Amino acid sequence: MSDSSYSDVSNAASRAVQPQTVRPVIQLVQVTKIYNSGTVQVQALRGIDLEVFPGEFVAIMGASGSGKSTLMNIIGCLDRPTTGQYFLQGKEISQFTRDELASIRNKSIGFVFQNFNLLKRYTALENVELPLLYSGVPKRERRQRAEEMLGKVGLQDRMHHLPNQLSGGQQQRVAIARALVNNPKILLADEPTGNLDSKSSEQIMELLEQLNERGQTIILVTHEASVARCARRKVHIKDGRIAPTSSYLDADAEYPHGEAESKEDNGIYTPLDVIACARH
């Protein structure tokens, strides 16, 4: 079976559980990504076909260097494909200017990172307010929405704590609240449990499951099978392609950590570029 056939199988399985009138919120068509390193070309993605529908919980799995983080960067409008097409809510992203893409990152896509990326001198409440600040939301409404979102993630009694006064699990909850405060269509979580102990990891995944049950579309990037089991669909990336194991079934094998991913596969944008609407 060809690589494109594997993608077709995964996408067909996704379409099979969707009403005929529902359109994918994310659609990638033969997407490639090539990085130039001097005279050497690194092909991070090789003809990716992928559809994600509203309300899905999809885990993108792969070993270090497989291309999964490159794929997330493209889905998150942090990078553009070298070739192929990416449709977000039916619109082709190549048509957007950099400022328009920055606005999409701020309002339509919520990001959760492995390292939390909270501003150390800001309280939990102030960190959650940041995306609203850059969206031009008035101060009173900003405060109200941030307080409400922190309450939803169970941190109503930690709103005025600084990050170093919070546990790792609590910091990640703040990060999730920040990602959701603008009511994004898509939540992208990149190894959200990578820096957490087992108990905190379970709590964060339970929270993500609860959010998905309420209708939130979630795309989770992970190499851990135990984390991916919370998702309804698994998409395995290997050597820049969707692997034949991609399905709705639970993954059995856990990817080893291995060495740190290359710059090309680990992202080249800072979290504050995303949070602050990337004003450049």
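Fair warning: this is a prediction, and the values are worked out from it, not measured in the lab.

Thresholds, definitions, all that
Residues numbered from 1 in each chain as written. Predicted model: local features only at pLDDT ≥ 70, side-chain atom pairs only at ≥ 80, totals over all residues. Heavy atoms only, no water. Helix = DSSP H or I, 4+ residues; strand = E, 2+ residues; numbered from the N terminus. Buried < 20%, exposed > 50% of the residue type's maximum accessible area, 1.4 Å probe, protein only. Contact = heavy atoms within 4.5 Å. Areas by Shrake-Rupley, 256 points an atom, 1.4 Å probe, with all protein chains shown as cover. Axes fitted to C-alpha atoms, helices over the stretch in contact; angles between N-to-C directions. Parallel < 35°, antiparallel > 145°, perpendicular 65-115°, else oblique. Left-handed = near helix turned anticlockwise from the far one by under 90°. Nonpolar A, V, L, I, M, F, W, Y, C, P; charged D, E, K, R; others polar. Patch = residues over 30% accessible without salt bridge, like charges linked within 9 Å, V, L, I, M, F, W, Y side chains within 5 Å. Salt bridge = Lys/Arg side-chain N within 4 Å of Asp/Glu carboxyl O. Lys, Arg positive; Asp, Glu negative; His and termini not counted. Charge placed at Lys NZ, Arg CZ, Asp CG, Glu CD. Phe/Tyr/Trp six-rings, centres within 6.5 Å; stacked < 30°, edge-to-face > 60°. Lys NZ or Arg CZ within 6 Å of the ring centre and 35° of its normal. Core = buried A, V, L, I, M, F, W, Y, C linked by side-chain atoms within 4.5 Å. Pairing = 2+ DSSP bridges.

Looking only at helices and strands, the protein chain features 10 helices and 10 strands. Going through the 280 residues of the protein chain one by one, you find that 51% of them count as buried. Nonlocal contacts in the protein chain, meaning residues at least 24 apart in sequence, comprise 74% of its contacts between residues at least 6 apart. Looking at the protein chain as shown, the accessible area adds up to about 13400 Å², and 46% of this sits on carbon and sulfur atoms.

Here the focus is the packing of helix H4 (residues 124-134) against helix H5 (residues 139-152). Two numbers describe how H4 lies on H5: the axes approach to 9 Å, and their chain directions differ by 125°. The orientation of H4 relative to H5 falls into the category oblique. The way H4 lies across H5 gives a crossing that is right-handed. Across from Ala 124, Leu 125, Val 128, Glu 129, Leu 132 and Leu 133 in H4, the residues of H5 making contact are Lys 139, Arg 142, Arg 143, Arg 145, Ala 146, Glu 147 and Leu 150. Across the contact of H4 with H5, the residue classes break down as 7 nonpolar, no polar and 6 charged.

With that settled, consider a negative patch on the surface. A cluster of acidic side chains, namely Glu 202, Glu 206, Glu 209 and Glu 213, defines a negative patch on the protein surface. Relative to the helices and strands, Glu 209 is located in helix H7 (residues 198-213).

Each aromatic ring pair is specified by the distance between its two centres and by the angle formed by the two planes. If you walk through the whole model with that rule in mind, you get 1 aromatic pair. Measuring from centroid to centroid gives 6.1 Å for Phe 111 and Phe 113, while their planes differ by 5°, and the two rings are stacked. The buried category is assigned to Phe 113, whose relative accessible area is 14%. A cation sits over an aromatic face here: Lys 33 above Tyr 35, 5.4 Å from the ring centre.

This paragraph deals with the pattern of salt bridges. By the definition in use, this model includes 7 salt bridges. For Glu 141, the salt bridge identified is with Arg 145, shortest N-O distance 3.1 Å. Taken together, the residues span about one helical turn, with Glu 141 and Arg 145 both in helix H5 at a distance of 4 residues. Relative accessible area serves as the criterion here: at 36%, Glu 141 is assigned to the partly exposed category. For Arg 145, a relative accessible area of 22% corresponds to the partly exposed category. Between Glu 148 and Lys 152 there is a salt bridge, with its nearest N and O atoms 3.6 Å apart. Residue Glu 148 and its partner Lys 152 are both found in helix H5; the two are separated by 4 residues, about one turn of the helix. Overlapping salt bridges bring together Glu 129, Arg 142 and Arg 143 as one network.

Quick look at the nonpolar core now. If you look at soluble globular proteins, the nonpolar side chains tend to sit buried side by side. Phe 57, Leu 150, Val 174, Ile 176, Leu 187, Leu 208 and Leu 211 are the most contacted members of the largest nonpolar core, which has 40 residues in total. Among the elements of the structure, strand S3 (57-61), H4, H5, helix H6 (168-180), strand S7 (186-190), H7, strand S8 (217-222) and helix H8 (225-228) are those that each provide at least two residues to this core. Considering every element that reaches this core, the biggest residue donor is H6, with 6 residues. Beyond its immediate sequence surroundings of up to four residues, Leu 150 is in contact with Ala 124, Leu 125, Val 128, Leu 155, Gln 156, Met 159, Val 174 and Ala 177. With 32 residues, the next largest nonpolar core counts Ile 48, Val 58, Phe 111 and Ile 242 among its residues.

On any regular strand, side chains alternate: one points to one face of the sheet, the next to the other face. Where burial is concerned, most of S3 is hidden: 5 out of the 5 residues are buried. Pairing analysis gives 5 bridges linking S3 to S8, with the strands arranged parallel. Across the sheet, residue Phe 57 finds its bridge partner in S8, namely Ile 218. Pairing between S3 and strand S9 (residues 233-238): 4 bridges, direction parallel. Residue pairing in the sheet places Met 61 in a bridge with His 236 of S9.

Taken by themselves, the reported measurements are silent on function.
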